[in-house]
Amino acid sequence: MLLTMFLDPSVRSFYADWEKAAANVVAGFRFLEGARPNDPRIHEVLRTASENSREFTDLWQRRDARGKSDAAKVLLHPGVGELTLRMQTFDVRSAPGQQLVVYHAQEGTGSADALRLLGSLAASDPGQASHPGKRDDSPRRPA
């Protein structure tokens, strides 16, 4: 997620507030790095991000560290438009260090409708729901 956030330019248009999302990803990565200081994959990702993104380096130097929490995110999906989703995180007891992250929309909102539409699109054409920043300008099917 961290490398995608900083190295894939199309992801910037997926988050309504990319700067806030990026700061949260870096703080979460620093939290993970603190829990696993000798993990070679963490060092590899850190090196790649540092070498390729000045924005990452600036955020990393702030030394913010925090785990995921209950929060709202506003996403700009190319197929269904704006989605305001709540995020909840659960520790997986049988796999220390693993977390289950669940996103959901408040029932009765446009985001809930858009999320259902996205699910329908994914079921009928998996390419419609793929990569967040990937733009698909093909005509939409009627609901």
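K.L.:
Mind laying out the overall build of the protein, listing which residues take part and the relevant values?
P.N.:
Summing up its helical and strand segments, the protein has 5 helices and 3 strands in all. Going residue by residue from the N terminus, the α and β elements of the protein occur as α-α-α-α-β-β-β-α. Here the protein, with 143 residues, has 29% of them falling under the buried criterion. For the protein, the exposed surface amounts to about 9,000 Å²; the carbon and sulfur share of it is 52%.

K.L.:
Account for the pairing of strand S1 (residues 71–77), naming residues and giving values.
P.N.:
With 7 bridges connecting them, S1 and strand S2 (residues 81–91) associate as antiparallel partners. Its bridge partner being in S2, Leu-76 is matched across the sheet by Glu-82. Connecting S1 to the antiparallel partner S2 that follows it, the hairpin turn spans 3 residues.

K.L.:
Which residues make up the pattern of salt bridges, and what are the values?
P.N.:
The full count for this structure, using the stated rule, is 6 salt bridges. Across the salt bridge formed by Glu-107 and Arg-116, the nearest N and O atoms sit 3.3 Å from each other. When its relative accessible area of 58% is taken as the criterion, Glu-107 is described as exposed. On the basis of relative accessible area, Arg-116 is assigned to the partly exposed category, the value being 43%. Salt bridges sharing partners connect three or more residues here, namely Glu-107, Asp-113 and Arg-116.

K.L.:
Pulling in residues and values, what's your account of the packing of aromatic side chains?
P.N.:
Under the defined criterion, the tally for this structure stands at 5 aromatic pairs. Their ring planes at 85° and their centres at 5.5 Å tell us that Phe-14 and Tyr-15 sit as a pair that is edge-to-face. Here the two residues Phe-14 and Tyr-15 agree in accessibility, since each one is buried. When the ring of Phe-56 is compared with that of Trp-60, the centres are 5.6 Å apart and the planes differ by 25°; the resulting orientation is stacked. One end of the pair is Phe-56 and the other is Trp-60, both in helix H4 (residues 54–60) and 4 residues apart, which spans about a single turn. We classify Phe-56 as buried; its relative accessible area is 0%. By relative accessible area, which is 13% here, Trp-60 ends up buried. Three or more aromatic residues joined by ring pairs make a cluster, and in this case those are Phe-6, Trp-18, Phe-29, Phe-56 and Trp-60.

K.L.:
A description of the packing of helix H2 (residues 18–35) against helix H3 (residues 40–52) should follow, citing residues and the corresponding values.
P.N.:
The N-to-C vectors of H2 and H3 enclose an angle of 145°; their axes lie 10 Å apart at closest approach. Once H2 is placed against H3, the crossing between them reads as left-handed. Together, Phe-29, Leu-32 and Glu-33 of H2 and Ile-42, Val-45 and Leu-46 of H3 make up the contact between the two elements. Classifying every residue of the contact of H2 with H3 gives 5 nonpolar, no polar and 1 charged.

K.L.:
Got a sec to walk through H2? Specific residues and values, please.
P.N.:
Side chains of residues three or four places apart in an α-helix project in the same direction, reflecting 3.6 residues per turn. The end-to-end C-alpha distance of H2 is 26 Å, a good match for the 26 Å that 18 residues give at a rise of 1.5 Å each. Turning to H2, its buried residues number three or more, namely Trp-18, Ala-21, Ala-22, Ala-23, Val-25, Val-26, Ala-27, Phe-29, Arg-30 and Glu-33. Check the buried side of H2 and you find it contacts helix H1 (2–7), H3 and H4.

Scoring rules and cut-offs
- Residue indices begin from 1 for each chain and proceed along its sequence in written order.
- Local features in a predicted model are, by the rule used here, given only for residues with pLDDT of at least 70; side-chain atom pairs are given and counted only at 80 or more, and totals for whole chains, interfaces and linings are based on all residues.
- To get the side-chain values, all heavy atoms of the structure are used, and hydrogens and water are removed first.
- Numbering of helices and strands starts at the N terminus; helices are DSSP runs of H or I of at least 4 residues and strands are runs of E of at least 2.
- Categorising residues by exposure relies on relative accessible area from a 1.4 Å probe, with only protein chains included: less than 20% of the type maximum marks a residue as buried, more than 50% marks it as exposed, and the intermediate range marks it as partly exposed.
- Methods summary: accessible areas were calculated by the Shrake-Rupley approach with a probe of 1.4 Å, and residue burial reflects only the protein chains presented.
- Between any two strands, pairing holds if DSSP finds at least two bridges.
- Only one rule defines a salt bridge in this text: a Lys or Arg side-chain nitrogen within 4 Å of an Asp or Glu carboxyl oxygen.
- Working definition: a ring pair exists when centres of Phe, Tyr or Trp rings (six-membered ring for Trp) sit within 6.5 Å. Plane angles under 30 degrees give stacked, over 60 give edge-to-face, the rest tilted.
- Angles shown run from 0 to 180 degrees and are taken between the N-to-C directions of axes, each axis being a line fitted to C-alpha atoms and, for helices, limited to the stretch in contact.
- Crossing handedness follows the turn of the near helix against the far one: under a right angle anticlockwise gives a left-handed crossing, and clockwise gives a right-handed one.
- Two residues form a contact once any of their heavy atoms are found within 4.5 Å.
- Three classes are used: nonpolar for Ala, Val, Leu, Ile, Met, Phe, Trp, Tyr, Cys and Pro, charged for Asp, Glu, Lys and Arg, and polar for all others, with Gly counted as polar.
- Each residue after the first adds 1.5 Å to the expected span of a helix.

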